[in-house]
Amino acid sequence: SRSHEGTGLGLAIVHRFVELHGGSITVRSQIGKGSVFSFSLPTKQAPKPNIESTKLSSIYQHTTQEQVALIIDSNETGAFQAYHSIDAKAYPQIAITSPTEIAAHYQAISPHLLILDLSTLSDHGFEWIQSALEHPNWSQTRLVATSSLNSTQDIKLCERIKIPNYVPKPLTRSSLDRILSSSE
């Protein structure tokens, strides 16, 4: 029996830590007896995708009816994290790409999902993304911006370039699923 209640912060921290490592938490609870929390973590790290095989041009060399997701992140770790956050059943074609490649091909593609790291904009400017977002092929594209900073400036930047969804890093499957299900 406890003399005082905790804030619950410990569980929130553990939940986030376990989620970041691809694990899960379960709870068994009985009224008047207490709760038991358990967690599991994967024993092997998921293999990194071969970036060369996921380039934008390789997806659009042939006509595809599959849902396509694009990831633009200049940081390899961020790109892989986004890659593993996407439900591959919903988006069987996933391309890790660059602003240069988008600028060259945006008129010929119709992505279903775009995950954009906002730091890419500071490196490459805004014109390429504004041109793509104004093109009719991109009218149904679901847009998600992400960044490490999670600042008010990031949210204002999203509003400025008309990206309706923002998720601070680290991007996880559950945070992306939450955003995508709420924007349907």
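Residues numbered from 1 in each chain as written. Predicted model: local features only at pLDDT ≥ 70, side-chain atom pairs only at ≥ 80, totals over all residues. Heavy atoms only, no water.

J.: So what exactly am I meant to see when it comes to the nonpolar core here?
T.: Here is a general trend for soluble globular proteins: nonpolar side chains tend to be buried in one another's company. Grouped together as the largest cluster of nonpolar side chains are 23 residues, with contacts concentrated most on Leu 70, Ile 102, Leu 114, Leu 116, Leu 121, Trp 138 and Ile 163. Elements with a contribution of two residues or more to this core: strand E3 (68-72), strand E5 (113-117), helix H6 (127-134), strand E6 (142-147) and helix H7 (152-160). Here the element with the most residues in this core is H6; it accounts for four residues. Among the nonpolar cores identified, the runner-up in size contains 17 residues, and Ala 82, Ile 96, Leu 113 and Ile 115 belong to it. (Core = buried A, V, L, I, M, F, W, Y, C linked by side-chain atoms within 4.5 Å. Buried < 20%, exposed > 50% of the residue type's maximum accessible area, 1.4 Å probe, protein only. Helix = DSSP H or I, 4+ residues; strand = E, 2+ residues; numbered from the N terminus.)

J.: Help me understand the pattern of salt bridges in this model?
T.: A side chain of one charge can pair with a side chain of the opposite charge if their charged atoms are brought near each other. Tallying each qualifying case throughout the model produces two salt bridges. Put simply, Lys 169 and Asp 73 hold a salt bridge, and the shortest N to O gap is 2.8 Å. Pair noted here: Lys 169 is in the loop between strand E7 (165-168) and helix H8 (173-182) and Asp 73 is in the loop between E3 and helix H3 (76-85), with a separation of 96 residues, a long-range link. The pair Lys 169 / Asp 73 is uniform in exposure class, with both members buried. (Salt bridge = Lys/Arg side-chain N within 4 Å of Asp/Glu carboxyl O.)

J.: Can you walk me through the sheet that holds E7 in this structure?
T.: Backbone-to-backbone hydrogen bonds join strands into a sheet, with any given pair of strands oriented parallel or antiparallel. Across the sheet, which stays open at both edges, the five strands sit in the order E4-E3-E5-E6-E7 with parallel pairing between neighbours. Edge positions in the sheet fall to strand E4 (93-97) and E7, since each has one partner strand and no second. Each strand axis lies, on average, 20 degrees off the axis of its neighbour in the sheet, ignoring direction. With five bridges connecting them, E5 and E6 associate as parallel partners. Bridging from a neighbouring strand, Ile 115 pairs with Val 144 of E6. Of the strands in this sheet, E3, E4 and E5 are in contact with H3, which crosses E4 at around 170 degrees. (Pairing = 2+ DSSP bridges. Axes fitted to C-alpha atoms, helices over the stretch in contact; angles between N-to-C directions. Contact = heavy atoms within 4.5 Å.)

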